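In case you want the letters, here they are:
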Amino acid sequence: MARYTGPVCRLCRREGIKLFLKGDRCYSDKCSVQKRTYAPGQHGQSRKKLSNYGVQLREKQKARRIYGILETQFREYYEKADRKKGITGENLLKLLETRLDNVVFRLGFASSRTEARQLVNHGHFTVNGKKVNIPSYKISVGDVIAVKESSRSSEKFKALAEVAVTTPQWLSVEMDKLEGKVIADPKREDIDIPVQETLIVELYSK
């Protein structure tokens, strides 16, 4: 399975904002974006005005990196969103939000989407009682996502039982039971990522 394995703090610095790819570190003084506000590399401190294409490209790269998706798969999500009824950009974000790894992160079972992806890959979660280890698995309204029974004794999940989390309105969670439920489809106002999806649509529409 292809995935980015380089230093993720460089990705945040390249986009010039926190993408929250390293969980708790992103909220601490160790965050690289706070220490070095310029892009990585030899010419990172030189300021260049972006063209319209450059602005659109950066917005697409930002969305890809937030959700941890490579180019080919991201393009497939866009094409699927374009075929659906409604606003293409919003459809795209809704498809990305309903990935299993993102839902696990949103429910508070992982400190970052990267960690959520790893936990899903290792088979720690069930959907409607059945183990699912595919991070891109599509979650639907009514689905119940829970920590697998045999995984609940691990220190990682035992510590979560006493943690209070804030979830989006389209999700509900019971931390004492280590399970959450999708109670509605996500709306654009529920998706708090710093991305202008219209620019992504403009980029792919060329």
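Since this is a predicted model, take the numbers as computed values, not measurements.

Participant: It is not clear to me how the side chain of T88 should be interpreted in this structure. Could you clarify?
Facilitator: You can see T88 is positioned in helix 5 (residues 88-97). Of note is the side chain of T88, whose polar atom sits 3.3 Å from the side chain of D82. In this structure, T88 is in contact with Y78, A81, D82 and V201, ignoring residues within four places of it in sequence.

Participant: Can you help me understand the packing of aromatic side chains in this one?
Facilitator: What characterises a pair of aromatic rings is the spacing of the ring centres plus the angle enclosed by the ring planes. Summed over the entire model, instances satisfying the criterion amount to four aromatic pairs. Taken together, a centroid distance of 6.3 Å and an interplanar angle of 35 degrees make the contact between F74 and Y204 tilted. One end of the pair, F74, is in helix 4 (residues 71-83); the other, Y204, is in helix 9 (residues 197-204), and 130 residues separate them in sequence. Taking the relative accessible area as the measure of exposure, F74 reaches 0% and is therefore buried. A relative accessible area of 9% places Y204 in the buried class. Through successive ring pairs, a cluster of aromatic residues spans F74, Y78 and Y204. Above the ring of Y67, the side-chain terminus of R113 is found at 4.9 Å from the ring centroid.

Participant: Got a minute to help me understand helix 3 (residues 52-67) in this structure?
Facilitator: Every α-helix carries 3.6 residues per turn, so stepping three or four residues along brings you back to the same face. Taking 1.5 Å of rise per residue, the 16 residues of helix 3 would be expected to cover 22 Å, and the 23 Å separating its terminal C-alpha atoms lies within 8% of that figure. Of all 16 residues in helix 3, 12 are buried, a share of seventy percent or more. G54, Q56, R58, E59, K60, Q61, K62, A63, R64, R65, I66 and Y67 are the residues of helix 3 that are buried. With its phi angle positive at about 70 degrees, G68 sits one or two positions after the end of helix 3.

Reading the values: the criteria
Residues numbered from 1 in each chain as written. Predicted model: local features only at pLDDT ≥ 70, side-chain atom pairs only at ≥ 80, totals over all residues. Heavy atoms only, no water. Helix = DSSP H or I, 4+ residues; strand = E, 2+ residues; numbered from the N terminus. Polar contact = N/O pair within 3.5 Å; in protein donor to acceptor, adjacent residues only side chain to side chain. Contact = heavy atoms within 4.5 Å. Phe/Tyr/Trp six-rings, centres within 6.5 Å; stacked < 30°, edge-to-face > 60°. Buried < 20%, exposed > 50% of the residue type's maximum accessible area, 1.4 Å probe, protein only. Lys NZ or Arg CZ within 6 Å of the ring centre and 35° of its normal. Expected span 1.5 Å × (residues − 1).

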